[in-house]
Amino acid sequence: MENKVNRKLPDELMSKMNLKPFESAAIGNPEVQRVAPKVRVTAGEDKVVDSLEDVIKNNLKDGMTISFHHHFRNGDFAFNKVMDKIIEMGYKDLTLAPSSLTGVMNDKVIEAIKKGVITNIVSSGMRGSLGDFISHGGLKNPVIFRSHGNRARAIEEGDIKIDVAFLGVPVSDPAGNANGQDGDAVFGSLGYALIDAQYADKVVLLTDNIVDYPNTPASIKQDQVDYVVKVDKIGDPDKIGSGATRFTKDPKELKIAQMVNQVITNSPYYKQGFSFQTGSGGAALAVTRYLRQSMLDDGITASFALGGITKPTTDLLEEGLVKKIMDVQDFDKGAAASMAQNKDQQEIDASWYADPHNKGAVVNNLDVAILSALQIDTDFNVNVMTGSDGVIRGAIGGHQDAANAKMTIITAPLVRGRNATVVPSVETVVTPGDSIDVLVTERGIAINPKRQDLIAAFSKVPGLQILDIKDLQKMAEKQVGVPKPLEYTDRTVALVEYRDGSIIDTIKQVKD
């Protein structure tokens, strides 16, 4: 079976799992049926329990699905606390369904897989030792990778049925009213955990900070929570995010950022009230700096900024250059602290952010998105999941979702080390080329031929080098040569979904 981006999909697996091949980046207007969680009626409002082990024993069974969020990132203590107990208690055949997997979780997940505790994983991504372990066939069943918006869709429609959600929070009251804005391990928006709290059959909060009732603002609400477990320490605030975001000093990244700013400010979308999403990498932060100066010079303000938020973006809010921030996740301490101080920094859940099957996601109102890539090919397909060695080392995150913008810009150096970034065909298609409008490299930009309007607009910009993407690919190849083809087995170790749940690509086991 082959899908619309010419990727061969395993017929037997597609049939067995009742999966659909990717057809189009256009979502259309389907009517969908959502599910609802089971609710255990709570007579009293004090849900505080001392024993995590008792909560697990009374609510978890073999074969169930458990979820976590990743807002603590590498400062997360909740995940390993819970998994230690689950492994110790001998559970089997669990499905692990976190919003994403961070490095601090890797060793524990590998241990759980080896002991048969976890046999299925559905997530946005993974890196490091876990990605390597999965890529070499370490998990019994294929991982399913979903974007943040697609994960919300899958939970709401029942493709992911969460039996027990274990959600670490920096503060809660005894009834379960919790947020990410107060306490010692503040991380700001709880955007990815809010869907779990709404749809899981059982919701267990873990916190080291229980305050008087009622705790407000309440991101997770008491009518969603079954248990509040008091722990010694929920997370390390120093590992959640950096204290001060540093702009890149790399000349190549700065050149790319300057060209991205040229593209934005000379596009038809750069006007009063435009909207944008940037990432958290060095080049993306530099774009924010250059864009700020352009907005000041031109007297233009943005209606909103979206996505994972950094301090440079909240600084724009404070300056009045951005009117609102729609915040699904904070990437540094400055952005997290800002949420508690500025009412115009609105916490949003993953469905409001990017679910393609709802009555209107914020990404549908996005003018400009600036995204990165591990690879981009001559059909503008983007890979953010696997490295040049075929090993899983990334995450879909909100990549597919933000690419729904009116103008999606990919920033990437022509080569990284000895590996080409612009290639004839990406190792893994994550975001289809139909969603991508402009590629910006240090050697020039390439515009998707379907965007003749942008070609006409940017051709008039002095000093902006416009090239055919095939020429960029040849430049990269000339610089680093033609790599030896990677070798894979026939076994599928992961399925990559598009936003609507169709399969856009598969990841095969890397040969040893």
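Residues numbered from 1 in each chain as written. Predicted model: local features only at pLDDT ≥ 70, side-chain atom pairs only at ≥ 80, totals over all residues. Heavy atoms only, no water.

S.K.: Even after reading the chapter, I still don't get the overall build of the chain, so can you show me in this structure?
M.R.: Along the chain, the regular secondary structure elements total 15 helices and 27 strands. Overall, the C-alpha framework of the chain stretches about 70 × 55 × 45 Å when taken along its three principal axes. A total of 512 residues make up the chain; the buried ones form 59% of that total. Excluding contacts between residues fewer than 6 apart, the proportion of contacts in the chain whose partners are at least 24 apart in sequence is 73%. In the chain, 58 positive and 67 negative side-chain charges are present, and the distance between their average locations comes to 3 Å. (Helix = DSSP H or I, 4+ residues; strand = E, 2+ residues; numbered from the N terminus. Buried < 20%, exposed > 50% of the residue type's maximum accessible area, 1.4 Å probe, protein only. Contact = heavy atoms within 4.5 Å. Lys, Arg positive; Asp, Glu negative; His and termini not counted. Charge placed at Lys NZ, Arg CZ, Asp CG, Glu CD.)

S.K.: When you look at the packing of aromatic side chains in this model, what are you seeing that I'm missing?
M.R.: In this description, an aromatic ring pair is defined by two values, namely the gap between the centres and the angle between the planes. Applying the stated criterion to the full structure yields six aromatic pairs. Measuring from ring centre to ring centre gives 5.6 Å for Tyr270 and Phe274, while their planes differ by 65°; the resulting arrangement is edge-to-face. Taking the relative accessible area as the measure of exposure, Tyr270 reaches 10% and is therefore buried. Here the aromatic cluster, defined as three or more aromatic residues joined through ring pairs, consists of Phe68, Phe79 and Phe166. Lying across the ring of Tyr290, Arg289 places its NZ or CZ 5.6 Å from the centre. (Phe/Tyr/Trp six-rings, centres within 6.5 Å; stacked < 30°, edge-to-face > 60°. Lys NZ or Arg CZ within 6 Å of the ring centre and 35° of its normal.)

S.K.: Explanation requested: the packing of helix α8 (residues 251–265) against helix α9 (residues 282–298) in the structure shown.
M.R.: Packed helices, taken two at a time, are described by the angle between their axes plus the distance between the axes. Contact pair α8 / α9: the axes reach a minimum separation of 8 Å and the direction vectors enclose 45°. Here α8 is positioned oblique relative to α9, judged by the angle of their axes. For the pair α8 and α9, the sense of crossing is right-handed. Facing Glu253, Leu254, Ala257, Gln258, Val260, Asn261, Ile264 and Thr265 of α8, the residues of α9 in contact are Gly282, Ala283, Ala286, Val287, Arg289, Tyr290, Leu291 and Ser294. (Axes fitted to C-alpha atoms, helices over the stretch in contact; angles between N-to-C directions. Parallel < 35°, antiparallel > 145°, perpendicular 65-115°, else oblique. Left-handed = near helix turned anticlockwise from the far one by under 90°.)

S.K.: Looking at this model, I keep getting lost on the environment of Val287. Mind explaining?
M.R.: As for its placement among the helices and strands, Val287 is situated in helix α9. For Val287, a relative accessible area of 1% gives the class buried. For the pair Val287 and Gln258, spaced 29 residues apart in the sequence, the C-alpha separation amounts to 6.8 Å. Sequence-distant contacts of Val287, defined by excluding residues within four places in its chain, comprise Ala257, Val260, Ile264 and Ile370.

S.K.: Explain the sheet that holds strand β23 (residues 422–423) here, please?
M.R.: To summarise the sheet geometry, strands pair through backbone hydrogen bonds and adopt either a parallel or an antiparallel arrangement. A sheet is described by the order of its strands in space; here three strands give the open sequence β18-β17-β23, paired in mixed fashion. Strand pairing shows two members of the sheet lacking a second neighbour, β18 (382–383) and β23, which therefore form its edges. Where strand β17 (residues 375–377) meets β23, two bridges bridge the pair, whose relative direction is parallel. Directly across from Asp377, in β23, lies its bridge partner Val423. (Pairing = 2+ DSSP bridges.)

S.K.: Would you mind showing me how to read the nonpolar core here?
M.R.: Most often, soluble globular proteins have nonpolar side chains that are buried together. If you look at the biggest cluster of nonpolar residues, it comprises 126 residues, and the most contacted ones within it are Ile86 and Phe166. With six residues, the top contributor of residues to this core is helix α3 (residues 78–88). Setting aside chain neighbours within four positions, we find Ile86 in contact with Ile56, Leu60, Ile66, Tyr91, Leu94, Val117 and Phe166. Formed by 37 residues, the second largest nonpolar core is a distinct cluster that contains Val260, Ala305, Leu317 and Val461. (Core = buried A, V, L, I, M, F, W, Y, C linked by side-chain atoms within 4.5 Å.)

S.K.: Explanation requested: the packing of helix α10 (residues 311–319) against helix α11 (residues 333–341) in the structure shown.
M.R.: At a closest axis distance of 7 Å, the pairing of α10 and α11 adopts a crossing angle of 40°. Residue-level contacts link Lys311, Thr314 and Glu318 of α10 to Gly334, Ala335 and Ser338 of α11.

S.K.: Even after reading the chapter, I still don't get α8, so can you show me in this structure?
M.R.: Helical geometry: 3.6 residues make up each α-helical turn, so side chains three or four residues apart lie on a common side. End to end, α8 covers 21 Å across 15 residues, agreeing with the expected 21 Å (1.5 Å per residue, within 8%). Every buried residue of α8 is listed here: Leu254, Ile256, Ala257, Met259, Val260, Asn261, Val263 and Ile264. (Expected span 1.5 Å × (residues − 1).)

S.K.: Explanation requested: the side chain of Arg146 in the structure shown.
M.R.: Note on placement: Arg146 falls in the loop between β6 (143–145) and α6 (148–157). Arg146 sits in the buried class, given a relative accessible area of 7%. Once residues lying within four places of it in the same chain are set aside, the contact partners of Arg146 are Val122, Ser123, Ser124, Arg151, Arg153, Ala154, Asp159, Ile160, Ile396 and Glu497.

S.K.: How should I be thinking about the pattern of salt bridges in this particular structure?
M.R.: Pairing is possible between side chains that carry opposite charge, provided their charged atoms lie close to one another. All told, the structure shown has 25 salt bridges when counted by the stated rule. Across the pair Arg7 and Asp505 runs a salt bridge, and its minimum N-O distance is 3.1 Å. Pair noted here: Arg7 is in the segment before α1 (11–16) and Asp505 is in strand β27 (residues 503–510), with a separation of 498 residues, a long-range link. Ionic pairing is found between Glu157 and Arg153, a salt bridge with its closest N-O pair at 3.1 Å. Of this pair, Glu157 and Arg153 both sit in helix α6, four residues apart, which is roughly one turn of that helix. Linked by salt bridges that have partners in common, Arg146, Arg153, Glu157, Asp159 and Glu497 make up one network. (Salt bridge = Lys/Arg side-chain N within 4 Å of Asp/Glu carboxyl O.)

S.K.: Sorry, what's going on with the sheet that holds strand β10 (residues 202–207) here?
M.R.: As summarised here, the arrangement of the 10 strands in space is β1-β11-β10-β7-β2-β3-β4-β6-β26-β27, forming an open sheet in which the pairing is mixed. Because the sheet does not close on itself, it has two edges, and the strands there are β1 (48–49) and β27. Strands β1, β7 (164–168), β10 and β11 (227–230) of the sheet are contacted by helix α2 (residues 52–59), whose axis makes an angle of about 150° with β11.

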